[in-house]
Amino acid sequence: MDWYEPVRRNHVHMNVRRPFGRHLPTVITGINWIHGHTYTIDEAKDLLGTLDQDGGLVVRFSADVRSDTLRPGVVELQVIEGGSGRNASTWYMGGSFAEPDLESDESDECDEFTQEFRYRQTTRETLQDGDRVLITVRAAFLLDRCCRPVDGTHVGGRVPLIRTGSTLTAEHGGDDCCDLPPSGIGPWTSGTGAGGDVFESWFFVKER
């Protein structure tokens with residue numbers, strides 16, 4: 001290509017797409033469970049923090065999120081009963097946010113931010129063989145520093161696993177296709193560029 005000649009159509013390569021705009025959306029960059037994986041009942045208890053104050057589901061963001069938007073109802077755990085008998089009945093598992101590690105904005109003492117949250121089961125309901133735990137995060141209600149919603153669509157269920165103290169050692173059983181997001185660069189995250197939406201994920205439970 002001659003830098004002194006006009007740019008022509010055949011000089012433009014569209015194989016790498018970069019976001020363009022005044023604002024780069026905050027997205028979900030990692031979770032501490034494997035989407036669609038099957039855990040034993042004991043592993044699921046450890047993951048949900050049923051009996052462990054330091055356990056729970058962890059969701060990590062690409063940038064600061066306002067801690068005051070981590071309110072009841074934003075995250076929901078729903079259990080869909082399975083097994084060999086009658087199934088498809090559902091019930092909601094009680095839970096709450098653990099106290100996040102906060103960062104204060106010196107320009108406004110009322111504003112506190114975090115880049116991840118931990119949500120753990122606070123009730124004693126017992127999971128059964130064949131159950132599915134559905135995790136819903138209403139990202140439209142989580143606001144970043146600019147009061148814009150987190151772009152939370154869980155595209156293809158490919159938000160990567162992050163290692164935390166409560167992360168189990170199971171290997172990811174995903175396929176080899178779509179290793180890179182549509183942009184062709186960087187790891188997968190949530191989001192389509194539109195902002196908001198609902199982040200959905202689930203895992204299955206077996207007896208042993």
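Before going into details, it helps to say that this report is about the structure given with it. (Residues numbered from 1 in each chain as written. Predicted model: local features only at pLDDT ≥ 70, side-chain atom pairs only at ≥ 80, totals over all residues. Heavy atoms only, no water.)

As a further point, take the overall build of the protein. When helices and strands are counted, the protein shows 1 helix and 10 strands. When the helices and strands of the protein are placed in sequence order, the string is β-β-α-β-β-β-β-β-β-β-β. Accessible area for the protein stands at about 12700 Å²; split by element, carbon and sulfur atoms hold 49% of it. (Helix = DSSP H or I, 4+ residues; strand = E, 2+ residues; numbered from the N terminus. Areas by Shrake-Rupley, 256 points an atom, 1.4 Å probe, with all protein chains shown as cover.)

Attention now goes to the pattern of salt bridges. Should the charged atoms of two oppositely charged side chains come close, the side chains can pair. A complete count under the given rule lists 4 salt bridges for this structure. We note a salt bridge from Asp 64 to Arg 145, for which the minimum N-O separation is 2.6 Å. One end of the pair, Asp 64, is in strand β3 (residues 57–66); the other, Arg 145, is in the loop between β9 (132–137) and β10 (199–206), and 81 residues separate them in sequence. Taking the relative accessible area as the measure of exposure, Asp 64 reaches 9% and is therefore buried. Take Arg 145: its relative accessible area is 35%, and that puts it in the partly exposed class. (Salt bridge = Lys/Arg side-chain N within 4 Å of Asp/Glu carboxyl O. Buried < 20%, exposed > 50% of the residue type's maximum accessible area, 1.4 Å probe, protein only.)

Here we come to the sheet that holds β9. Read across the open sheet, the 5 strands follow the order β2-β10-β9-β4-β5; overall the sheet is mixed. If you trace the sheet from one side to the other, it starts and ends with β2 (38–40) and β5 (90–93), each paired once. Each neighbouring strand pair of the sheet contributes to a mean axis angle of 30 degrees, computed without reference to strand direction. Bridge count for strand β4 (residues 75–80) against β5 is 4 bridges, and the pairing is antiparallel. Looking at the pairing, Ile 80 lines up with Thr 90 of β5. Relative to β2, helix α1 (residues 41–48) is tilted by about 95 degrees, and along the sheet it contacts β2, β4, β5 and β10. (Pairing = 2+ DSSP bridges. Axes fitted to C-alpha atoms, helices over the stretch in contact; angles between N-to-C directions. Contact = heavy atoms within 4.5 Å.)

Another point: the packing of aromatic side chains. Pairs of aromatic rings are described using the distance from one ring centre to the other and the angle between the two planes. Summed over all chains, the structure comprises 4 aromatic pairs. Measuring from centroid to centroid gives 5.2 Å for Phe 97 and Phe 117, while their planes differ by 85 degrees, and the two rings are edge-to-face. Taken together, the residues Phe 97 in strand β6 (residues 95–97) and Phe 117 in strand β8 (residues 108–121) connect sequence positions 20 residues apart. Considering the side-chain rings of Phe 97 and Tyr 119, the 5.2 Å spacing of their centres and the 80 degrees angle between planes classify their relative orientation as edge-to-face. Of this pair, Phe 97 sits in strand β6 while Tyr 119 is found in strand β8, placing the two residues 22 residues apart along the sequence. Grouping aromatic residues by their ring pairs yields a cluster made of Phe 61, Phe 97, Phe 117 and Tyr 119. Seen from the ring of Trp 202, Arg 132 lies directly overhead, with NZ or CZ sitting 5.4 Å from the centre. Above the face of the Phe 113 ring, Arg 145 is positioned so that its terminal group lies 3.9 Å from the ring centre. (Phe/Tyr/Trp six-rings, centres within 6.5 Å; stacked < 30°, edge-to-face > 60°. Lys NZ or Arg CZ within 6 Å of the ring centre and 35° of its normal.)

With that settled, the discussion passes to the side chain of Thr 136. Turning to its location among the elements, Thr 136 is positioned in strand β9. Setting aside residues no more than four positions away along its own chain, Thr 136 makes contact with Val 74, Val 75, Glu 76, Val 198, Phe 199 and Glu 200.

Our focus in this paragraph is unusual backbone geometry. Here Cys 147, not a glycine, exhibits a phi torsion of approximately 60 degrees, which is positive. By the element assignment, Cys 147 lies in the loop between β9 and β10. In this model, Asp 197 sits at a positive phi of 75 degrees, which is unusual for a non-glycine residue. Its location among the elements puts Asp 197 in the loop between β9 and β10. A relative accessible area of 42% means that Asp 197 is categorised as partly exposed.

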